Amino acid sequence: MRSSEFSRSAQKAVLTVALGLATFSSAQAALVITNPFNFRDNTGPNPIGLPTGDLQQVGAFVSPSGSPTSVTATQGSKVINLIFTPKTIFPDDYEAVFSFDPSLTGAWMISATRNGETATAFTAPITTPQIVPLVNNLRIVGTGLTPTLEWEWPDLAGFSGTPLNGIRIIDAVTHDQIFTDWLSSVPVGNAGETASITVPSGVLLPGHAYAFREGLYFVNPDGSTMNRSVTFVPEIFRPVPEPATWSLMLLGILCVGAVAWRSEPQKLR
Amino acid sequence: MYAAIDNELGWSDGIITGARNIMLERHAVKRVP
């Protein structure tokens, strides 16, 4: 084979592989809708200016997310644009939040489009709309990087669905949701009982500002949320390093100082 | 009295990571923002 023929063959091979990869990557980027949601959301007062009161949230996770993906929710003649609101723990979130509307409790059709490609999915309806109460006296115990959240349960008798609950930690500046965790027990019929959960290490950073919220969910048999309340700790939390962390930092400074001190005479020589 | 979800599995404490995961998988919980 002459070298020019070889070169042409090599170019063809490279082109074929590139086309194959392009096809493969476009197949990988198929538009996918997951976790369509539609729930009544009782949001308590909060220190970061989020809407409060008897709300409704409709949306889904759509991948690939971001421009040029656009997503709408349709119920009857009502069409809502869903806003891309990415969060660390939900990077593909498209959602709309509005005042609870008893005439819009049916299933929503979620429609996504991206570069001519389309995808659809349906939310569950809110078959039994109920206002889930907030938890009582939500508070932070501790000032360090692993504080404990405590609260007392409200009366939860008579609500439809399986009760679940979990905490969420939100960056108070960016409103990014950075952490979520769940508890396994929701006492029904034990109003006033205290519950608590401790934030694990590695989540909070010193000097940052955080909002904490406790969510109380009543979920449908398919795992989707039907009614929810979210209660916020009234104050923004700024963790301070614990004594052990201060000691470690002091030790580090001393070590650096010692090294500098030892190296000083060498400079003079 | 605890919800059926807890009686079913006999949990008394909510801080066991494994138990939380079982709960979420068992009920196919779809997390929401």
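Structure: see above.
The shown structure was predicted, so the numbers you read here are calculated from the model rather than taken from an experiment.

Caption draft 1: Quick peek at the overall build of chain B. Looking only at helices and strands, chain B features two helices and zero strands. Within chain B, buried positions represent 39% of all 33 residues. With the model as given, the accessible surface of chain B reaches about 1,900 Å², and the carbon-plus-sulfur share is 53%.

Caption draft 2: Region of interest: the pattern of salt bridges. Residues and elements named next belong to chain A. For the coordinates displayed, the defined rule picks out seven salt bridges over all chains. With a shortest N-O distance of 2.9 Å, R228 and D41 are connected by a salt bridge. Of this pair, R228 sits in strand β14 (residues 225–232) while D41 sits in strand β1 (residues 32–43), and the two are 187 residues apart along the sequence. The residues R228 and D41 share a single accessibility class, namely buried. With its nearest N and O atoms 3.5 Å apart, the salt bridge here joins K87 to E95. E95 shares its class with K87; the two are buried.

Caption draft 3: Local environment of the sheet that holds strand β12 (residues 194–198) of chain A. All names here are of chain A. Spatial strand order, β8-β9-β12: three strands in an open sheet with antiparallel pairing. Two strands close off the open sheet at either side, each with one partner strand: β8 (136–141) and β12. Along the sheet, successive strands turn relative to each other by an average axial angle of 15 degrees, direction set aside. Two elements, strand β9 (residues 148–152) and β12, share five bridges in a ladder whose sense is antiparallel. If you follow E150 over to β12, its bridge partner there is S196.

Caption draft 4: Geometry of the pairing of β14 of chain A. All names here are of chain A. Summarising burial for β14: eight of the eight residues are buried, a large majority. In terms of strand pairing, β1 meets β14 through four bridges, oriented parallel. By the bridge assignment, D41 is partnered in β14 with R228. In this sheet, β14 lies alongside strand β13 (residues 210–219) in antiparallel orientation, the contact comprising seven bridges. Bridge pairing in β14 links L216 to S229. Once β13 ends, the chain turns through five residues before running back antiparallel as β14, passing G223 with a positive phi of about 90 degrees.

Calculation notes
- Residues numbered from 1 in each chain as written.
- Chains lettered and ligands numbered in written order.
- Predicted model: local features only at pLDDT ≥ 70, side-chain atom pairs only at ≥ 80, totals over all residues.
- Heavy atoms only, no water.
- Helix = DSSP H or I, 4+ residues; strand = E, 2+ residues; numbered from the N terminus.
- Buried < 20%, exposed > 50% of the residue type's maximum accessible area, 1.4 Å probe, protein only.
- Areas by Shrake-Rupley, 256 points an atom, 1.4 Å probe, with all protein chains shown as cover.
- Salt bridge = Lys/Arg side-chain N within 4 Å of Asp/Glu carboxyl O.
- Pairing = 2+ DSSP bridges.
- Axes fitted to C-alpha atoms, helices over the stretch in contact; angles between N-to-C directions.

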